[in-house]
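What the coordinates show
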Amino acid sequence: PQPDKGPVWALTDLAEESFVEITVPRVFGNDRRNFVQRQLANRFPETRFRVSVPAQGSGGLMDRIAPPLEILTAIEPADRVNDALAGLESPLVGVWSTSTLLAQVGCRSNMPANLLVVLSQPSGMRILFVKDRTPVLTRLVAHTESAADQSVEILRTMRHLENTRMIERGRQRFPAMLLG
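Looking at the environment of Gly29
Here Gly29 shows up in helix H1 (residues 29-43). Here the alpha-carbon distance between Gly29 and Ala66, two residues 37 residues apart in the chain, equals 9.3 Å.

Right under this line is the structure:
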């Protein structure tokens, strides 16, 4: 039931949200856009809910004009989102993932370059890790009631990052932004 039939903004918080970092050759304009669109389609073929976000520009002018890295993000497969939107009669403005919105906050220049962003809600806890202002990992953990349970999941995330060599084992401490 949608009484006012106004536009709808959809926000997801699903385990299927992911990030992938790709290297983009030094191309510009439509060539760059087409390359990135092909990468999105190849990496996330089962969804239309996919987008590219340029990595934070650093270095010289060319790196800021055409960043050598792009972050691809998607919700795949899209079945659950499509099912939820099936009865929608109002115009859909867009679909955003919680991970993408948290990444926008965590990657800001006034935030630490390496940061854990943790959103705790009654339904679960979203953990996002930002490395060098680039979102590299997001995970959704089922309902965790106590602070002790939450800290265990944060430590489990850090161990995973160490085991996959995203960070060095026990070398540094990372700041965390706790939301919720």
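So much for the structure itself; the text now carries on.
Description of the side chain of Ser97
Relative to the assigned elements, Ser97 resides in strand S5 (residues 92-97). What makes Ser97 buried here is its relative accessible area of 6%. Dropping the residues within four chain positions of it, Ser97 is found in contact with Leu11, Thr12, Glu17 and Ile75.

Quick notes on the layout of surface pockets
If a probe the size of a water molecule is rolled over the atoms, the empty space left behind becomes visible. In this structure, the largest pocket spans a volume of roughly 230 Å³. If you go around the largest pocket, you meet 14 residues; those closest to its centre are Leu155, Met158, Gln172, Arg173 and Phe174. Examining the composition of the lining of the largest pocket, we find that five residues originate from one element, helix H5 (residues 147-163), more than from any other.

Considering a nonpolar patch on the surface
On the surface, a cluster of nonpolar side chains totalling about 530 Å² of accessible area is made up of Trp9, Leu11, Val93, Trp96 and Leu101. Elements with a minimum of two residues in the nonpolar patch: strand S1 (8-12) and S5. Topologically, Trp9 is positioned in strand S1. The exposure class of Trp9 is exposed, given its relative accessible area of 57%.

Conventions used here
- Residues numbered from 1 in each chain as written.
- Predicted model: local features only at pLDDT ≥ 70, side-chain atom pairs only at ≥ 80, totals over all residues.
- Heavy atoms only, no water.
- Helix = DSSP H or I, 4+ residues; strand = E, 2+ residues; numbered from the N terminus.
- Buried < 20%, exposed > 50% of the residue type's maximum accessible area, 1.4 Å probe, protein only.
- Contact = heavy atoms within 4.5 Å.
- 1 Å grid on protein atoms, 1.4 Å probe; cavity = no way out; pocket = protein on both sides within 12 Å on 5 of 7 lines; lining within 4 Å.
- Points joined across faces, edges and corners; volume = space filled by probe spheres on them.
- Patch = residues over 30% accessible without salt bridge, like charges linked within 9 Å, V, L, I, M, F, W, Y side chains within 5 Å.
- Areas by Shrake-Rupley, 256 points an atom, 1.4 Å probe, with all protein chains shown as cover.
- Salt bridge = Lys/Arg side-chain N within 4 Å of Asp/Glu carboxyl O.

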